[in-house]
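Structural overview
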There are 2 protein chains.
Amino acid sequence: MSHCHTYLKKLRDQGYRITPQREMIVQIIAHCGKHMSAEEVMEIVREKSSSINIATVYRTLDMLVENGLASKFDLGNGKTAYATGKHGPHIHLVCKHCGSVTEVSENDISAFLERIEDLYDFDCHPYHFSIHGLCGECSNSEIS
Amino acid sequence: MSHCHTYLKKLRDQGYRITPQREMIVQIIAHCGKHMSAEEVMEIVREKSSSINIATVYRTLDMLVENGLASKFDLGNGKTAYATGKHGPHIHLVCKHCGSVTEVSENDISAFLERIEDLYDFDCHPYHFSIHGLCGECSNSEIS
DNA sequence: TCCTTTATTGAGAATGCTTGCAACAAGGAA
DNA sequence: TTCCTTGTTGCAAGCATTCTCAATAAAGGA
């Protein structure tokens, strides 16, 4: 069912081994519509009466992000959220007061960035941006 | 000397108490041109042969950020950097490979955001954005 | 100058996440 | 099907940061 198998195939094609832990984690975040933290993934794992170490959850989620199968973003309160289905650059608007997250869709990004004032149209009153990526030097050198 | 006193006065005017710890921390980051981590602030404190608890360093730095006297940004490797002198929105470009940080000056922000492709002119190959601020709801309600 | 109020500090526990390493197991080769 | 190589896992320790709470000390008032 769903895109789980696509995800797993993609990983296998990249040379990753498919373990029961990875299958379960991929299934969980692929089926859950919203973004979730590593701890939330753990809770669902526990409900299924199996056990995966939290380090493995983090490692698997980060691996999915590395391979463009999921995205990861800082919620600003010391916690990190993960979600599937986003590729390429995308933007999360995080409220530092209530923690709400608004996602700017891939189609809207260009329009969104055209003018900084547009932020207010998104009800976002910014105080800080971070853009994570590779600098010129690093994107020139070969990185696995 | 320098803007230390301006900073301290601003804090006092806001109702904060001026403690020796706060004076020392403000002096350190106001005099140090570059951005620094809480741990780097601690090292300088130790060189001055006094001692401040690390929790106090974090609390003071965060207080400066809250009051617009400093900025704070995620270096992407689990560490956080602080720097004085920036007000309003500003952008840090963080390389996930080498950790280098490029700052987009306040004057350049609008131009920078005009088109997402401009990122490449900054030698930034993006994979993720976060914009931290207040959502509409929270910026309407009164927040201290 | 001394008192009182209340913000601030230090200490240590707690949280969220990462890392090092030995044991284990996926997946290709024989 | 069995074996071997090497990627993965679990565990425990480590790191950066935050939180709780009792003790302390700014700063204003008497």
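From a predicted model like this one, the values you see are computed outputs, not experimental measurements.

1. Observations regarding the overall build of chain A
What chain A contains, in helices and strands, is seven helices and five strands. In chain A, buried positions account for 40% of the 144 residues. The contacts of chain A with a sequence gap of at least 6 include a subset with a gap of at least 24, amounting to 34%. Looking at chain A as shown, the accessible area adds up to about 8000 Å², and 48% of this sits on carbon and sulfur atoms.

2. A look at the pattern of salt bridges
Residue and element names in this part refer to chain A. Across all of its chains, the model carries eight salt bridges over all chains by this definition. Here Lys 34 makes a salt bridge to Glu 40, at a shortest N to O gap of 3.8 Å. The class of Glu 40 is partly exposed, set by a relative accessible area of 31%. A salt bridge links Arg 46 to Glu 39; its shortest N-O distance comes to 3.0 Å.

3. Some points on the protein's contact with DNA strand D
Near DNA strand D, the surroundings consist of 21 residues, among which Gln 21 and Thr 56 of chain A together with Ile 18, Tyr 58 and Thr 80 of chain B are the closest. Atoms of DNA strand D within 4 Å of the protein belong to the sugar or the phosphate in 69% of instances, the rest to bases. Within the side chain of Arg 17 of chain A, one N or O atom sits 3.1 Å away from a base oxygen of DNA strand D. In the environment of DNA strand D, a phosphate oxygen lies 3.1 Å from a nitrogen or oxygen atom belonging to the backbone of Asn 53 of chain A. Elements supplying a minimum of two residues to the surface near DNA strand D: helix H2 (20-31) and helix H4 (54-66) of chain A together with helix H4 (54-66) of chain B.

4. Details of the environment of Cys 95 of chain B
All names here are of chain B. Examined against the element boundaries, Cys 95 turns out to sit in strand S3 (residues 91-95). Residue class for Cys 95 comes out buried when judged on its relative accessible area of 2%. Taking the C-alpha atoms as reference, Cys 95 lies 8.5 Å from Leu 75; in sequence the two are 20 residues apart.

Each value, and the rule that gives it
Residues numbered from 1 in each chain as written. Chains lettered and ligands numbered in written order. Predicted model: local features only at pLDDT ≥ 70, side-chain atom pairs only at ≥ 80, totals over all residues. Heavy atoms only, no water. Helix = DSSP H or I, 4+ residues; strand = E, 2+ residues; numbered from the N terminus. Buried < 20%, exposed > 50% of the residue type's maximum accessible area, 1.4 Å probe, protein only. Contact = heavy atoms within 4.5 Å. Areas by Shrake-Rupley, 256 points an atom, 1.4 Å probe, with all protein chains shown as cover. Salt bridge = Lys/Arg side-chain N within 4 Å of Asp/Glu carboxyl O. Near = heavy atom within 4 Å. Polar contact = N/O pair within 3.5 Å; in protein donor to acceptor, adjacent residues only side chain to side chain.

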